[in-house]
Amino acid sequence: MIFMRNVRGKIYLFIGIMLLSLGFIFAVSEMASPSEVKIEIFIAKYLTFNGTTTDFNTFNESALGNLSNVVLEKIGFGKVEFSEALDVLTMAGDNWIVDFDTDVNISDNLIYVDTYNLAGINKKATLTFFNIIFPNPVLYKKGIECSDCNLISYSGDIFVGTTSSFDGPYYVRQNESMPYCGDLVCNNNETFGDCPLDCNTICGDDVCEGTENAGSCLSDCPSVCGDTYCTGNETYASCSADCDTICGDAVCEGAESPDNCLADCPAVCGDGDCNGGETSSNCLADCPAESPSTGGGGGGGGGSTDTPTDTVATLPDGSIVDFFVTPTLIEASIDKGTYVRKTVTIENNGTASIGVALEVEGVTEFVFPAERSIYLDPGEKKTVRIDIYFSNLQPANIYLGTLKYRSSVGGVFRESNLILNLKDRAALFDIRTEVLKRYVNPGGRVRANVSLINMGDLENFDVSLEYKIMDFQKNDKVSKEEQFAINKTYSNIFFLDSPKDLPIGDYIFYATVRYQNINATSYDVFTIERLSFYSWILLIMILLVLMYLTYRWYVNRAADLETKNAEDSNQSNNKNSSGKDVKSKVVDEELPQLY
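Calculation criteria
Residues numbered from 1 in each chain as written. Predicted model: local features only at pLDDT ≥ 70, side-chain atom pairs only at ≥ 80, totals over all residues. Heavy atoms only, no water. Helix = DSSP H or I, 4+ residues; strand = E, 2+ residues; numbered from the N terminus. Pairing = 2+ DSSP bridges. 1 Å grid on protein atoms, 1.4 Å probe; cavity = no way out; pocket = protein on both sides within 12 Å on 5 of 7 lines; lining within 4 Å. Points joined across faces, edges and corners; volume = space filled by probe spheres on them. Nonpolar A, V, L, I, M, F, W, Y, C, P; charged D, E, K, R; others polar. Patch = residues over 30% accessible without salt bridge, like charges linked within 9 Å, V, L, I, M, F, W, Y side chains within 5 Å. Areas by Shrake-Rupley, 256 points an atom, 1.4 Å probe, with all protein chains shown as cover. Salt bridge = Lys/Arg side-chain N within 4 Å of Asp/Glu carboxyl O. Buried < 20%, exposed > 50% of the residue type's maximum accessible area, 1.4 Å probe, protein only. pLDDT = per-residue confidence, 0-100. Contact = heavy atoms within 4.5 Å.

Caption draft 1: Broad picture of unusual backbone geometry. The linkage connecting Gly168 with the following residue, Pro169, adopts the cis geometry, with an omega of 20 degrees. For Pro169, the position within the fold is in the loop between strand 11 (158–163) and strand 12 (170–174). Residue Pro327 is bonded to the preceding Thr326 through a cis peptide linkage, with omega at -5 degrees. Tracing the backbone through its elements, the reader meets Pro327 in the loop between strand 15 (323–326) and strand 16 (329–335). In this structure, Asn131 is a non-glycine residue whose phi angle is positive, near 60 degrees.

Caption draft 2: Focus on the pairing of strand 21 (residues 381–389). The pairing of strand 17 (residues 339–348) with strand 21 spans 9 bridges and is classified as antiparallel. Note that in strand 21 the partner of Thr345 across the bridge is Thr383. In this structure, strand 19 (residues 367–369) lies alongside strand 21, joined through 3 bridges in antiparallel fashion. By the bridge assignment, Phe368 is partnered in strand 21 with Asp387.

Caption draft 3: Quick peek at the layout of surface pockets. Taken as a whole, the largest pocket spans an internal volume of roughly 710 Å³. What lines the largest pocket is a set of 29 residues, among which Ile133, Phe134, Ala370, Glu371 and Arg372 lie closest to the centre. Per-element accounting of the lining of the largest pocket gives the leading share, 4 residues, to strand 21. When the residues that make up the lining of the largest pocket are grouped by side-chain class, the tally is 15 nonpolar, 7 polar and 7 charged. Lining the second largest pocket are 24 residues, with Phe192, Asn200, Thr211, Leu315 and Val409 sitting closest to its centre. Here the lining of the second largest pocket is composed, by residue class, of 12 nonpolar, 9 polar and 3 charged.

Caption draft 4: Representation of a nonpolar patch on the surface. A grouping of Leu538, Leu539, Ile542, Leu543, Val545, Leu546, Tyr548, Leu549 and Tyr551 is seen on the molecular surface, where their side chains present a nonpolar patch of about 890 Å² in accessible area. Residue position: Ile542 is located in helix 5 (residues 533–594). The class of Ile542 is partly exposed, set by a relative accessible area of 44%.

Caption draft 5: A look at the confidence of the model for the protein. Summarising the model, the protein shows a mean pLDDT of 80, and 83% of its residues fall at 70 or more. At the level of individual helices and strands, the protein shows its lowest average pLDDT in helix 1 (residues 2–31), which scores 46, and its highest in strand 7 (residues 125–129), which scores 97. Here residues 291–309 scores under 50 on pLDDT; set against residues more than four positions off or in separate chains, the count is 3 contacts. The low-confidence segment residues 580–595 (pLDDT under 50) makes 0 contacts with residues lying over four places distant or belonging to another chain.

Caption draft 6: Highlighting the pairing of strand 6 (residues 110–113). Side chains Leu110 and Tyr112 project from strand 6 onto one buried face, and the interleaved Ile111 and Val113 project onto a second face that is buried too. Examined bridge by bridge, strand 5 (residues 104–107) and strand 6 share 4 bridges and lie antiparallel to one another. Counted as the bridge partner of Asn105 is Tyr112 from strand 6. Connecting strand 5 to the next strand, strand 6, in antiparallel fashion are 2 residues, including Asn109 with a positive phi near 50 degrees.

Okay, here's the thing in structure tokens:
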């Protein structure tokens with residue numbers, strides 16, 4: 001028995017050791033399992049590019065870490081050719097995705113890269129722009145003439161240049177330091193014929209052009225019957241379409257008569273018309289008898305000419321100078337170090353051909369019109385691109401400015417207001433401002449709902465909120481500042497009383513939140529306008545009508561309820577009376593059975 005127990009114990013021990021060994025082997029093999037291996041896949045997004053663009057997906061990991069001769073191209077717009085190798089893997093970041101489609105913009109006269117998302121792309125490169133038409137082009141970088149760029153060639157409409165560090169935006173502009181058509185100066189052998197935007201017509205150069213006509217310059221524009229100008233040898237007899245009759249030329253013609261021109265049309269006694277001073281005394285044949293005056297009044301009409309204003313002008317030849325611009329308010333929300341493109345459309349709705357010059361005021365270092373001047377024939381319109389760029393060094397704030405437009409003749413002005421909201425890329429706050437009432441009387445209260453979202457990790461700390469009313473010339477009208485604690489979110493309604501002498505027009509409710517050296521801003525637009533006396537009367541009448549209708553509804557409702565209550569009461573009484581009769585009858589029928 002003892003022997004059997006010892007054998008049995010050894011067998012159990014052997015089985016236990018085998019199980020432990022198998023468990024250890026299994027555990028080791030599990031630790032070495034490929035299921036614990038993490039596999040990363042590199043993805044390059046460049047579907048919007050074409051032409052000679054590098055096919056990144058054909059390279060292995062080793063090549064992508066030091067990739068030479070990288071090209072990004074969009075046919076018809078532009079191309080970037082890198083002269084130095086790029087570490088595309090580093091650009092991809094932790095998620096192994098490099099998004100050229102989003103972070104590189106090649107379009108009409110623009111090559112832009114977001115170096116914030118594509119770290120290490122600021123290498124030496126050759127830039128090619130297509131469809132460039134400037135006489136003397138120069139390459140701009142970040143809103144100023146590029147200092148680290150060199151011109152390689154400019155042939156036809158293709159501009160090629162180099163940059164030592166690719167971190168645009170880049171675009172081509174006319175070199176304004178050299179004379180060119182559109183600088184509003186007639187120089188460099190320019191004439192009205194080849195540059196009507198800069199030069200006026202010259203009477204006496206034997207060329208009938210521009211606003212010249214037979215009336216203003218007969219030497220250049222010969223007289224032609226039907227041109228509405230009675231010039232040269234034209235007379236009423238030879239061209240009644242252009243010339244009126246002339247009283248005193250001894251010719252009785254057109255609408256002339258003895259009544260309006262006795263010098264040319266003498267009265268003839270016996271022609272049946274009593275005119276030209278004829279009376280019954282000196283010409284009884286035409287004027288049989290004097291008739292008493294029946295009286296009567298005559299009214300005289302006076303003509304008036306249009307007085308040129310700040311919106312429309314009339315030139316000496318009668319043509320009208322007028323144009324309009326859309327939009328009149330340009331808004332943009334921009335992250336530091338990024339680029340935004342806007343457009344404005346200018347349309348000539350006058351009758352004169354005009355040039356229009358564009359000028360930036362207040363934000364000249366951030367806003368760059370693609371063209372400084374354009375030429376428009378009557379009915380013609382053109383779209384001008386507006387480039388906006390802020391560097392990383394510019395503090396986050398709301399920047400206000402104006403884009404002004406001036407006609408080359410007539411002195412007509414137009415303008416578009418600019419609101420540029422510059423934000424930090426990694427802002428601690430998100431702030432939103434919404435004016436609750438868009439139209440306010442002078443001296444009225446402006447209310448705005450201001451909401452803050454704390455996007456950082458810090459909670460329950462004090463911030464400073466400044467809010468104010470300001471115009472588009474950046475003049476503060478009234479302001480307040482408050483401090484309060486914020487956790488994750490904060491929302492409240494803040495108000496400011498507008499000055500009673502505030503002129504009619506558009507204004508901005510501006511709000512900025514600050515914490516240490518971090519700030520965020522937002523705004524909303526409202527209008528100061530005066531509500532007329534008649535508007536108040538109309539509003540009061542509407543309120544009275546509404547009050548009367550409400551009263552009538554209440555009276556009718558009360559009457560209906562009273563009627564319904566009376567009917568319900570009658571029905572209840574009838575029911576009670578009927579119930580008693582039935583009960584009495586039942587009792588009477590049952591009485592005999594009880595006895």
